[in-house]
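Here are the chains, one letter per residue:
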Amino acid sequence: MTIQDRVTLPEIAEKTMVLATDLDGTFLGGTPEERRALYDWIEENRDTVGLIFVTGRDPEFIAGLVEAEGTPWPDYAVGDVGTTIAHVSPETGVEPIEELEEQIAEIWGDAGDSVRARLDGWPGLKLQQTPFRYRVSYDLIAGEFDHGAKAAVEEMGHDWLISDNRYFDVLPKGISKGPSLKRLLAHLGISEGRVLAAGDTLNDYSLLTAGVPAVAVGNSEAPLKEALAKGDHPKLHHARKHGCGGIAEAIVHFDLHPTGATAHAK
C-alpha cells in the first residue's frame, strides 16, 4: 500500500477497530514472526484498522521508528507518557494537536527548571537530557534510589511515575497515558468499544484501566500485574503470549475485527 493510497482511506473514527498500543515490550515485543504477522495484518487492513502509539517515547523517536523497525505508520500518537498528543503521517511526521495539549501545558506551566533544581543530585536518579516539553524524566538506579523523591514531587504539585524499575517520570498532575488517550478518542469521535489498548509496564496502568478493551501482554512486569490485581477490570485481558503475539490474541478474544484470527494464527 502506497502513501498515496492511504490518503483515500476512511477517517480513523469510521474504522472497525483502533489499536492503541505501547511500544517497548508491547508493539515492539514478541517473536520476530509474531511482530511481522501483526504488522503485515495491520497493513493489509488499513482501511478498517487504525493505529495509535501510546508511549513514553518522544516525537523524535516515534518519527524514526518506522524506518528503524519496519513498523506500520501510526495515525496518531500519545507520547511522552501522555504529555504529547499528536497526528502522525509520513509526509509531516509528528504534529502535536495544540487544542488537546493546551490543558497539559497549562497544568505544567514552566515547571521543568524547578523540578530539575529540586531533584538535582537526588540519590538514584540520573537526569535524561532529552528536552521534553511537559515532563522531566530520569533513569532510576534501583539500588541507590531514595524514595523520598516521590514526596518531593507531590509537594511540588506534580505526579511521579516509576516504570520497569528503571525510569522515574515527573508529570503534570492528572496527566498520563490513559487520560490523554481518552481525550484524543473523544476529539476524533472514536467509539471506545472499538479500541484495544495494549501495554506491559506500570506506566501503562492508566492506559489499561481507561475503560476501553485492553490487554496486558504476557511479558508484563510484575508491578503492573500486582497493581491490576488490586482492582476489578472487566474489560482487561491478560494475554498468554508476549508483545505482538499478546495483542493478536486479544483482538480475537474481544472479537474486534472479522479477520483478527488471521493475525493470531500466522
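Residues numbered from 1 in each chain as written. Predicted model: local features only at pLDDT ≥ 70, side-chain atom pairs only at ≥ 80, totals over all residues. Heavy atoms only, no water.

So, on to the overall build of the protein. The helix and strand tally for the protein stands at 12 helices and 12 strands. In terms of overall size, the protein behaves like a compact globule, its C-alpha atoms giving a radius of gyration of 18 Å where 266 residues would be expected to give roughly 18 Å. In terms of its C-alpha atoms, the protein occupies a principal-axis envelope of roughly 50 × 35 × 35 Å. Relative to its 266 residues, the protein shows a buried fraction of 51%. For the protein, restricting intrachain contacts to residue pairs at least 6 apart in sequence, the fraction spanning at least 24 positions comes to 60%. Accessible area for the protein stands at about 11,700 Å²; split by element, carbon and sulfur atoms hold 49% of it. Averaging the coordinates of the 24 positive side-chain charges in the protein and doing the same for the 43 negative ones gives two points 4 Å apart. (Helix = DSSP H or I, 4+ residues; strand = E, 2+ residues; numbered from the N terminus. Rg over C-alpha atoms; globule rule 2.2 N^0.38 Å. Buried < 20%, exposed > 50% of the residue type's maximum accessible area, 1.4 Å probe, protein only. Contact = heavy atoms within 4.5 Å. Areas by Shrake-Rupley, 256 points an atom, 1.4 Å probe, with all protein chains shown as cover. Lys, Arg positive; Asp, Glu negative; His and termini not counted. Charge placed at Lys NZ, Arg CZ, Asp CG, Glu CD.)

Time to look at helix α8 (residues 177-188). Each full turn of the α-helix corresponds to 3.6 residues, which orients residues three or four apart in the same direction. Spanning 12 residues, α8 covers 16 Å between terminal C-alpha atoms, matching the ideal 16 Å at 1.5 Å per step. Looking at α8, one finds that the buried residues are Lys 177, Gly 178, Ser 180, Leu 181, Leu 184, Leu 185 and Leu 188. The buried residues of α8 occupy an angular sector of 165 degrees when projected down its axis, which confines them to one face. (Expected span 1.5 Å × (residues − 1). Arc of directions from axis to C-beta.)

Moving on, we get to the pattern of salt bridges. Applying the stated criterion across every chain yields a total of 13 salt bridges. Across the pair Arg 46 and Glu 43 runs a salt bridge whose closest N-O atoms are separated by 3.7 Å. Here Asp 75 makes a salt bridge to Arg 46, at a shortest N to O gap of 3.5 Å. Residue Asp 75 is located in the loop between α4 (59-69) and β3 (76-79), and its partner Arg 46 is located in the loop between α3 (32-44) and β2 (49-54); the two are separated by 29 residues in the primary sequence. Assessed through its relative accessible area of 17%, Asp 75 is described here as buried. (Salt bridge = Lys/Arg side-chain N within 4 Å of Asp/Glu carboxyl O.)

With that out of the way, let us pick up the packing of helix α5 (residues 98-108) against α8. Direction vectors running N to C along α5 and α8 enclose 150 degrees, while the axes themselves pass 10 Å from each other. Classed by the angle they form, the pair α5 and α8 counts as roughly antiparallel. Handedness of the crossing formed by α5 with α8: right-handed. Contacts between α5 and α8 involve Glu 99, Leu 100, Gln 103 and Ile 104 on the former and, on the latter, Ser 180, Arg 183, Leu 184 and His 187. (Axes fitted to C-alpha atoms, helices over the stretch in contact; angles between N-to-C directions. Parallel < 35°, antiparallel > 145°, perpendicular 65-115°, else oblique. Left-handed = near helix turned anticlockwise from the far one by under 90°.)

The residue Asp 80 is not glycine, and still its phi comes out positive at about 55 degrees. Within the fold, Asp 80 resides in the loop between β3 and β4 (84-89).

Quick look at helix α11 (residues 243-253) now. Of all 11 residues that make up α11, 9 are buried, and the element is covered over most of its length. When α11 is considered as a whole, its buried residues turn out to be Gly 243, Cys 244, Gly 245, Gly 246, Ile 247, Ala 248, Glu 249, Ala 250 and Ile 251. Once α11 finishes, Asp 255 follows within two positions and takes phi at roughly 50 degrees, a positive value.

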